[in-house]
Amino acid sequence: MKIKIRETLRTVAEYLNRGKAPYFLSIGLTILGFVLVYLSPRSIPAFLVFAAAAGLPYFLSIKKSIKLALAVLVAIVLVPVLGARNIFYLEVIFQIAVFSALALGLNIVVGFSGLLNFGYMAFYAVGAYLWAFFGSQQPFLLHAIPGTAPIGTQFFMAADWFYLFIFLGVIVAAIVGLILGLPVLRVRGDYLAIITLGFGEIVRQLANNLDKPLNLTNGPQGITPIQRPTLPDGVIRFFNGIFEPLVGRPVTVNQFYNILFYLIALVVVIVAIVITYRLDDSKVGRAWTAIREDELAATAMGIPANKLKLGAFAVGASFAGAMGVLFAASRTFVSPESFTFLQSVGVLTMVILGGIGSIPGVIIGASVVIILNLQVLQSFSLFLSRLRQSDAYIPIINFYWRDLSNQLDPSKYQRLVFGIILILMMIYRPAGILPAARRKRELRVAKLEADSASVDNGNGGNGLPDVDKPAASPKEDNHA
Amino acid sequence: MPDPVDILATTNVVKRFGGLTAVNKMSFTIRQGCIYSIIGPNGAGKTTFFNTISGLYKPEEGSILFDGHRIEGQPPEKITALHMARTFQNIRLFGGMTVVENILVGAYTRLKQSSIQAVFRTRAFLDEEKKAESRAEELMEYVGLYGVGNELAASLPYGAQRRVEIARALASEPKLLLLDEPTAGMNPSESADALQLFRRLRDDLGITILLIEHDMKVVMNVSERITVMDYGEKIAEGTPKEIAANPRVIEAYLGRGAAAAMTA
Amino acid sequence: MRRLIKSAGLREILLPLGRMAVFVLGAGALMSVVMVVLALLCRGSGADKLLLSTQNVNIVFYTMANLPQVLIDGVTIGFVYAAIALGYTMVYGVLEFINFAHSEIFAIGAFAGVEFLIIMDKIGVLATSGTYGPYLYLTLALAIGMLAAGGIAVLIERTAYRPLRGAPRLVPLISAIGVSFALQDIIRLVESLTTGQFYRVIPTFGNFDDKILLFTIQTASAPIKVDIQVKSVIVIAAAVMMLVGLNYIVNATRIGKAIRSVAQDRDTAAIMGIGVNGVIAFTFLIGGALGGAAGVLYALKFTRIDPFVGFMPGMKAFTAAVVGGIGNLTGALLGGIILGMLESFAGAYLGTFTMGNFGSEYKDIIAFLILIIVIVFRPSGLLGEQISQKA
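Cut-offs and rules
Throughout this description, residue numbers start from 1 for each chain and increase along the sequence as written. Here the convention is simple: chains get letters from A, ligands get numbers from 1, in the order in which they are written. Given that this is a predicted model, residues contribute local features only at a pLDDT of at least 70 and side-chain atom pairs are listed and counted only at 80 or more, while totals for whole chains, interfaces and linings are drawn from all residues. Note: side-chain values were computed over all heavy atoms of the structure, leaving out hydrogens and water. Domain delimitation follows an automatic or database domain assignment. The criterion used for residue contact is that any of the two residues' heavy atoms lie within 4.5 Å. Throughout, the accessible surface (probe 1.4 Å) given up by two parts as they are put together, summed over both, is called the buried area. Distance and chemistry together define a polar contact, namely a pair of N or O atoms within 3.5 Å, with one atom able to donate a hydrogen and the other to accept it when in protein, and with adjacent residues in sequence counting only for side-chain atoms on both sides. Only DSSP runs of H or I covering at least 4 residues are called helices, and only runs of E covering at least 2 are called strands; the numbering of each starts at the N terminus. Under the scheme applied, nonpolar residues are Ala, Val, Leu, Ile, Met, Phe, Trp, Tyr, Cys and Pro; charged residues are Asp, Glu, Lys and Arg; polar residues are all the others, including Gly. Type-normalised accessible area, obtained with a 1.4 Å probe on protein chains alone, sets the label of each residue: buried when under 20%, exposed when over 50%, and partly exposed for intermediate values. DSSP-based pairing: two strands are paired if at least 2 bridges between them are found. When the strands point away from the viewer, a crossover counts as right-handed if the route from the first strand across the helix to the second turns clockwise. Angles here are taken between N-to-C directions and fall from 0 to 180 degrees, while the axes themselves are lines fitted to C-alpha atoms, restricted in helices to the stretch in contact. Here is the rule for angles: anything less than 35 degrees is roughly parallel, anything more than 145 is roughly antiparallel, 65 through 115 is roughly perpendicular, and the remaining ranges are oblique. By convention the crossing between two helices is left-handed if the near helix lies anticlockwise of the far one by an angle smaller than a right angle, and right-handed if it lies clockwise. We define a salt bridge as a side-chain nitrogen of Lys or Arg found within 4 Å of a carboxyl oxygen belonging to Asp or Glu.

Asks: Can you help me understand the domain arrangement of chain A in this one?
Replies: All names here are of chain A. Examined at the domain level, chain A breaks down into domain 1 (1-85) and domain 2 (86-449). Once you take the C-alpha centre of each, domain 1 and domain 2 turn out to be 26 Å apart. Counting residues at the interface gives 20 residues for domain 1, matched by 26 residues for domain 2. Between domain 1 and domain 2, a total of about 2,000 Å² is buried, with carbon and sulfur atoms accounting for 70% of that surface. Summed over the three residues of domain 1 that lose the most area to domain 2, namely Ile-44, Phe-47 and Ala-84, the buried surface amounts to 27% of that side. The interface formed by domain 1 and domain 2 includes nine residue pairs in polar contact (both at pLDDT 80 or more). Of all the elements in the fold, those that place two or more residues in the side of domain 1 that touches domain 2 are α2 (21-39), α3 (44-55) and α4 (64-85). In terms of residues, the side of domain 1 that touches domain 2 owes the most to one element, α4, which gives ten residues. For the side of domain 1 that touches domain 2, a count of residues per class yields 16 nonpolar, two polar and two charged.

Structure below.
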């Protein structure tokens, strides 16, 4: 029965993926999603349709150029317009972009190289505090007790250094990644995971405590205000000139900043995707996977495993560093709260949910988790709080909703969500929603005999490092 | 100074694990272009000796000279770069990678591309990748694998996995190839094919081959010289004929009584 | 024959007691000496001058005068860590797996025990239970905490870990992290649904907060009293009894032998007719029960608990297990005492010695640093054998 459903679905999918159908499907869905969200900006189903429309073309057989055009249209025009109408959506999409980059970075370490890292947020913190320190008044407040900044303190440097600091964030985080990665040379497996947890906690606690002897981080209060890059004159006027009729009203400076940060995040995430893809499909990426599959054999093939593992840590960290700088500027505020173990596990959840080692997978994972957190859980919370204010009750047991505890706020139950996702994925689908697939190459012989090959390659192992894996059992070799 | 045509020369190599001496004062030389076998009972230290030569273990004592370079205690990547490659007794392919990718991993030390080139997809990078890929295909054909380039290595039958492992080793362009029980688990016709392949490797490509082998038929058939190990030490060395007649060897394999019975 | 068994049993009780005494005295003496030497080296430093000007004592005297209290606190918290660490170390010993959810098992024990006491308090029996009644109720609370925690531990093993046995090593670890997070929120949900608050405070009852004066140090200014709270004595006594009991179970009983054999080689043990699943479940039961008891003791000592209370003690106990040599019961004890002492010393002296620049808030950082350093440089711990780590 189950198989039958699956086959029916496959037939439908194949039918939709033939000829002109995918073009109509994706363009139609995009328009539909856009109109739905445009008309009812608060509705989640509308947003999901739009999100699906944005993601679907990736899986359909559409000409690359059309795909690209669609992506550009969605990213540069539709999302900013919808975002300007309802800033909440822009926040969701901004967070998806930020966490996609983080998940991509963590995926290099966990997915490609098989090194579990529980302290990944430390790199994000490094980037965030880097700009938070230099992009605020903090350098002038080194001897001030937190909360006693004299009025009229100057900013340390001009706001537009922000752009340079995105690159500095990459470099500094990569260096910290190398340092954090050093234990990798001696430790492996679960112990490495615990060590990275320890590092992550140390970084967070340092951020919490380094308000003395020198006030570097302003302690638990966090640093604020942090500068945003300046907007050139006329940019907003230009934007309003084009989009005001669509948006329905002129955007304000703050709204425009949200659009700007969304666009920067988009650029960073695209760069991250390109780098990840290209590294994965080069000798470095193959070496990472080889180390994950069988470190001893990889070493014997002449791969300097230690160097490559450190490299994985550094590259993974660098994505987080760049996003950290962006995060600090977009919030104009950082505090140690944002870099907890919970957050690190959150990013890990995205990677594992989407598909460990799979690039589109981890992006989907990040999107699902963010939408779940920001939209589903929050609107559930909203729903409950409305029920609380009403006179509704559950009939048979006579339970009045207004008696429901205020503490029951689903949006605060992230841990439960992450936890359940992690357990269920590990037990039932360790390779994730969209498992990593090995790239098929255009081979001369493969073309001739591809049809005779009956092995399903869609599921590239479970993607987790497995050093103890026994060698294939000696089967009868029937090809001779 | 060993003869220049000796590609590998070990002198008094000792490898210990705690109190156990797994390899004890092993000295031998392999001439270039030779097919050389190491035999011995289980636990004689053959694989440990292999691991010491290929750099996975650091020897406590002794020296290893490979193609004019001292390599004892060098990391495997240095040794691979000097054109030595190996296979494993219990096939160790990267099961989750395709066959072509496995072979490309073998070519790691021969690829000059940098990560920066990879990210920017430079002409040099693309050319090199293309060349490496077509070379991988050649190697697959050479070892007798057809149409499985995009299969996951773990999904192949056992004998094909052995071939992939050899192709992967060949991708590093070895002068010396260490094969650890390459015919283990094969049926007679498969091992005959394998022997054919080893001879071709030597005759066509000029690769020197060092074998660990259990199958006496294979050993006697293919090797030009044989070293016999027992309890970590070399107990005999010579041509297959000499080895077959050596009472110490028979004793090591079959026990003292059998040796006495045979010589009697 | 019978006498022989009996004496072997006795040995397994006396031996751990002796070890504990040696560890406590040894670690205490070592730390004290190091601290006094440090104080001597710091004479005339800024910290010394600050102390002289504010409290009119020099740094050496200050250090010495505070030592007894610091040692007592260190031992108390050290035994709590040791009790938690045993849970980690037993599971690791048998399955080679870090049961990350052990910190939440600890929290569940704490909540179960405290909830019981709160109910008893509401009924009104706690306040009127006389002199010995409170001890009875505390014992009951401990038993309930152990039962709840042990039960949950077995349940977790059955649902979230057993299906993953034989999977690559990191798979159960990730599942364990998931369990840990899910449990934190489940505790929060349950607790906040019943009362609207997700933290609990243990009711005040009995004479547990009283202080027993041990001795007084006469000084030029005011005499320094060295005392120990009744609850600290209870914590230490209870922990000692549990540790001895566990040692007895593992080393002198049939099931203990089964546990050890499964730890050595699961497959062979199974061939020998040992019910491996049962043994592993029992290991979780025992480890969980110890963690639960430690939770109740922790609540008694620190009074307030919340669903996240397990994380830091859990991490420190894990550190203790690793410091001692994970998989090694004696090692967990030693590690716990060392960690407790370090924490107590850091809390008491770090602020003073650095003139307030680095205070006791760094004690967590110190614990993590120790964890990292030990794992990197001696992953087998102080008492473990130096074996190459399996990947």
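Asks: Just to check I follow, could you spell out the pairing of strand β7 (residues 176-180) of chain B for this structure?
Replies: Residues in a regular strand point their side chains to alternate faces of the sheet. All names here are of chain B. Here β7 lies mainly inside the structure; five of its five residues are buried. What you see with β7 is no split at all: Leu-176, Leu-178 and Asp-180 on one side and Leu-177 and Leu-179 on the other are buried throughout. Summarising the sheet, strand β6 (residues 84-86) and β7 pair through three bridges and their orientation is parallel. Each residue of the ladder has a partner; that of Arg-86, found in β7, is Leu-178. Crossover β7 to strand β8 (residues 208-212) through helix α7 (residues 188-205) is right-handed.

Asks: How do you make sense of the packing of helix α15 (residues 359-389) of chain A against helix α16 (residues 414-428) of chain A when you look at a structure like this?
Replies: Two numbers describe a pair of packed helices, the interaxial angle and the distance between the axes. All names here are of chain A. The interhelical angle for the contact between α15 and α16, taken along N-to-C directions, is 140 degrees, at an axis separation of 11 Å. As summarised for this structure, α15 and α16 are arranged oblique, according to the angle between their axes. Seen from above, α15 lies across α16 with right-handed handedness. Contacts between α15 and α16 pair Val-369, Leu-372, Asn-373 and Leu-377 from the former with Gln-414, Val-417, Phe-418 and Ile-421 from the latter. Among the residues forming the contact of α15 with α16, the class breakdown is six nonpolar, two polar and no charged.

Asks: Before we go on, may I ask you to explain the domain arrangement of chain B in this structure?
Replies: Often the size quoted for an interface is simply the accessible area lost on bringing the parts together. All names here are of chain B. When the domains of chain B are assigned, the result is domain 1 (1-83 + 174-264) and domain 2 (93-173). Inter-centroid distance (C-alpha atoms) of domain 1 to domain 2 is 27 Å. Contacts between the two partners involve 23 residues from domain 1, matched on the other side by twelve residues from domain 2. Taking both partners together, domain 1 and domain 2 bury about 1,400 Å²; carbon and sulfur atoms supply 63% of that area. Taken together, domain 1 and domain 2 are joined by one salt bridge. Between Asp-193 and Arg-163 there is a salt bridge, and its shortest N-O distance comes to 3.9 Å. On inspection of domain 1 and its partner domain 2, the count reaches nine residue pairs in polar contact (both at pLDDT 80 or more). Those elements that provide at least two residues to the side of domain 1 that touches domain 2 are α2 (76-81), β7 and α7. Here the side of domain 1 that touches domain 2 gets seven residues from one element, more than from any other, and that element is α7. Here the side of domain 1 that touches domain 2 is composed, by residue class, of 13 nonpolar, three polar and seven charged.

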